[in-house]
Amino acid sequence: MDLGGTNIRVCSVDLHGDSTYNVKKSKMTIPRKLMVTRAGHELFSFIAERVDTFLKTYHPIFLNKSSYPQIISLGLTFSYPVYQSAVNSGILLRWTKGFDIPDIVGQDVCRLLQREIDLRHLPIKVTALVNDAAGTIMSRAYTLPVSSTRTSMGVIFGTGTNCVYLEKLSNIVKPMEGSYDSSTGEMFISTEWGSFDNQLSVLPNTKFDAKLDKVSLNPGDQMFEKRVAGMFLGELLRIIVSEMHTDPEINLFPAYRSNNERKINKNQPALLTRWSVDSSILSVAEADSSDRLGILRAKIEEELGIPSPLVSVEDAQAVKMITHAIGKRAARLAGMAVGAVVLKSQRLHEVKVSTEGYCEKLVDDSDLKTTIGIKADRSGISADQHTIDIAVDGSLIEFYPNFEKYMRQAIRVIEGIGVPGEEKIHIRIAKDGSSVGAAIIALLASQQVMVSSSST
Ligand code: ADP
Ligand code: MG
């Protein structure tokens, strides 16, 4: 169960034990009214209902106690800052990415979900609370042959952004509660880098960034995320473009303006409506290199609400330049952050043998009815390179053309990394990694419970 900032995903994963798996999945946009509500139970009730529907659709057999008496373990990917002192519990510290449900803050989100699941008498136990970036590492690592380089970083560029990396226990100075296995000498750290440099001592800050921050639900917080992640880039574009439209000296979309002066337009266009523009317009703009920018002009109509006959080629060119600046800045900042963590983890000096494996998507999905299978592909295996393996997930990095290219341009100029270091960094999309990884961690957690209960 993967609760992202925009989407909610339910999937069942069948691990074949040989770095391949099959997955059935469903995806849905989270209804806005559940993101900002006083009644916190509504969100978890909704999640439990999605699980119920999923089981009825794909695994009705699991709901028949006499033919299937087992309990299914569920991993909850919850992409918000939590205080986690056990694998199956976590206290929400604060909301980010547009959520605001005050009565859930300070509560154990696993217990809240379990309660709603139990109310529906579903044969499910929440055995793991998973950070989406950590889940991404797990799913990528699962698809790699055992002998290959270990995936040491998981990064999300979706609605929000975060990074989890593997750190030596000896470098962790913060006191840690709870029991953990120290035999590996390592632990995953969630950097929560979305709130990097909230004081803005190094991040760029234009008047448009300041305006976006002011109207957000969490002014002064998540300042890195507000310059890098999907939830904010469309709004940033809207703020800039609406100012250029209303400023008579710039006069962007002049045909639309004179059309409006002639006719009273009762409906406020998306151009002037906060948070109404999806970041996918950035990807469309970056990809459209035609002379007349026809695809982008259609997207401007869809996203900004300006009829495409009223959008001139010059208007579209201006929008393209702005989206490019926003997207490239986001990617370069992302590269800077990745480079910083690579340096901090000191892995550049200790990388061992590498193998390149990657997932091949067989069939895509978009609704409840479709199923995809994913298999590991070993065709690219080369055992002689020294690499740092980074698993990434999220629609922004998946769909924005050149995101990785611009990231790499920034990584290359970081002192201590340079071109040779940048070449050692492998960035690989772990498609739906945050959801699949949750299932892998749920399985491991449930096996741990079985081992510890059989040994007592
Ligand atoms: P979640 O964060 O809920 O796990 P995703 O990883 O799908 O979900 O990310 C959703 C975010 O990505 C939204 O903010 C959306 O605006 C943005 N997004 C979706 N499609 C694209 C695209 N084609 N290009 C750029 N951004 C996109
Ligand atoms: Mg996600």
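Anything mentioned here points back to the structure above.
Residues numbered from 1 in each chain as written. Chains lettered and ligands numbered in written order. Predicted model: local features only at pLDDT ≥ 70, side-chain atom pairs only at ≥ 80, totals over all residues. Heavy atoms only, no water.

## With respect to the overall build of the chain
We apply this condition: Runs of H or I in DSSP of at least four residues are treated as helices and runs of E of at least two as strands, each being numbered from the N terminus. Accessibility here uses a 1.4 Å probe with only protein chains present; expressed as a share of the type maximum, an area under 20% marks a residue as buried, one over 50% as exposed, and anything in between as partly exposed. Here, residues are in contact when the closest pair of their heavy atoms is within 4.5 Å. Residue burial considers only the protein chains on display, and all accessible areas are found by Shrake-Rupley using a 1.4 Å probe.
Within the chain one finds 15 helices and 14 strands. Split into buried and exposed, the 456 residues of the chain put 53% on the buried side. Sequence separation of at least 24 residues holds for 69% of the intrachain contacts in the chain that already meet a minimum separation of 6. Approximately 21,200 Å² of the chain is accessible, and the part contributed by carbon and sulfur atoms is 55%.

## A short note on the packing of aromatic side chains
Where we set the bar: Stacked, tilted and edge-to-face are the three classes assigned to paired rings of Phe, Tyr and Trp, where Trp is represented by its six-membered ring and a pair needs centres within 6.5 Å; plane angles under 30 degrees give stacked, over 60 edge-to-face, the rest tilted. Geometrically, a charge over a ring is one whose NZ (Lys) or CZ (Arg) sits within 6 Å of the ring centre while staying within 35 degrees of the ring normal.
Applying the stated criterion to the full structure yields 13 aromatic pairs. Aromatic rings pair up to connect Phe 78, Tyr 80, Trp 95 and Phe 99 into one cluster. Stacked on the ring of Tyr 80, the Lys or Arg Lys 97 has its end atom at 4.4 Å from the ring centre.

## Quick word on the site of ligand 1
Just so we agree on the cut-off: We define proximity as follows: a residue is near a molecule or strand when any one of its heavy atoms falls within 4 Å of that partner. Here a polar contact is recorded for every N or O atom pair within 3.5 Å, except that within protein the pair must consist of a potential hydrogen donor and a potential acceptor, and residues adjacent in sequence are included only if both atoms are side-chain atoms. For this classification, the nonpolar set comprises Ala, Val, Leu, Ile, Met, Phe, Trp, Tyr, Cys and Pro, the charged set comprises Asp, Glu, Lys and Arg, and every other residue, Gly included, is treated as polar.
Looking at ligand 1, there are 17 residues lining it, with Thr 6, Asn 7, Thr 159, Ser 283 and Ser 395 nearest. In this structure, an oxygen atom belonging to ligand 1 sits 2.5 Å away from a side-chain N or O atom of Thr 159. In the model, an oxygen atom of ligand 1 is placed 3.4 Å from a nitrogen or oxygen of the Gly 230 main chain. Computed on the free molecule, ligand 1 has an accessible area of 570 Å², of which 86% lies beneath the protein chains in the complex. Among the elements that take part in the shell around ligand 1, helix H12 (residues 395-399) stands out by supplying three residues, more than any other. In terms of residue class, the shell around ligand 1 is made up of three nonpolar, 12 polar and two charged.

## Some points on the pattern of salt bridges
Stated formally: By convention in these notes, a salt bridge is any Lys or Arg side-chain nitrogen within 4 Å of a carboxyl oxygen on Asp or Glu.
Applying the stated rule across the entire model yields 21 salt bridges. For Lys 56, the salt bridge goes to Asp 52, with nearest N and O atoms at 3.2 Å. Highlighted residues: Lys 56 and Asp 52, both in helix H2 (residues 41-58), separated by four residues, approximately one helical turn. Of the residues examined, Asp 52 reaches a relative accessible area of 12% and is grouped as buried. Residue Lys 211 is joined to Glu 243 by a salt bridge in which the shortest nitrogen-to-oxygen separation is 3.7 Å. Of this pair, Lys 211 sits in helix H5 (residues 207-215) while Glu 243 is found in helix H7 (residues 230-246), placing the two residues 32 residues apart along the sequence.

## Let's talk about the packing of H2 against helix H3 (residues 109-119)
Operational definition: Interaxial angle, 0 to 180 degrees, is taken between N-to-C directions of lines fitted to C-alpha atoms, where a helix line uses only the stretch in contact. Angle categories are assigned with fixed cut-offs, so that under 35 degrees is roughly parallel, over 145 is roughly antiparallel, 65 to 115 is roughly perpendicular, and the rest are oblique. Left-handed is the label given to a crossing in which the near helix is rotated counterclockwise from the far helix by less than a right angle, and right-handed is the label when the rotation is clockwise.
Put simply, H2 and H3 touch, their axes get as near as 8 Å, and they point 60° apart. When the interaxial angle is binned, H2 and H3 end up oblique. For the pair H2 and H3, the sense of crossing is right-handed. Contacts between H2 and H3 involve His 41, Phe 44, Ser 45, Ile 47 and Ala 48 from the first element and Val 109, Leu 112, Leu 113, Glu 116 and Ile 117 from the second. Its residues assigned to classes, the contact of H2 with H3 shows seven nonpolar, two polar and one charged.

## What to know about the environment of Pro 69
Residue position: Pro 69 is located in the loop between H2 and strand E4 (72-78). Considered as a pair, Pro 69 and Pro 123 are 54 residues apart in the sequence and their alpha carbons are 8.3 Å apart.

## Remarks on unusual backbone geometry
Although it is not a glycine, Gln 222 adopts a positive phi angle of roughly 55°. Within the secondary structure, Gln 222 sits in the loop between H5 and helix H6 (225-228). Take Gln 222: its relative accessible area is 5%, and that puts it in the buried class. Not every positive phi belongs to a glycine, and Asn 402 is a case in point at roughly 75°. Topologically, Asn 402 is positioned in the loop between H12 and helix H13 (403-412). Note on Asn 402: relative accessible area 32%, which makes it partly exposed.

## Here's the deal with the sheet that holds strand E10 (residues 186-190)
What counts is decided by this rule: At least two bridges found by DSSP between two strands is the condition for calling them paired.
Strand order in this open sheet of five strands is E10-E9-E8-E13-E14, and the pairing throughout is mixed. The open sheet has two edge strands with one neighbour each: E10 and strand E14 (425-429). Each neighbouring strand pair of the sheet contributes to a mean axis angle of 20°, computed without reference to strand direction. Looking at chain direction, strand E8 (residues 151-157) and strand E9 (residues 161-168) are connected through five bridges and run antiparallel. The residue of E9 that forms the bridge with Met 153 is Tyr 165. Packed onto the sheet, helix H4 (residues 132-143) meets E8, E9, E10, strand E13 (388-393) and E14 and runs at close to 130° relative to E8. The sheet strands contacting helix H11 (residues 313-345) are E8, E9, E13 and E14, and the helix crosses E9 at an angle near 10°.

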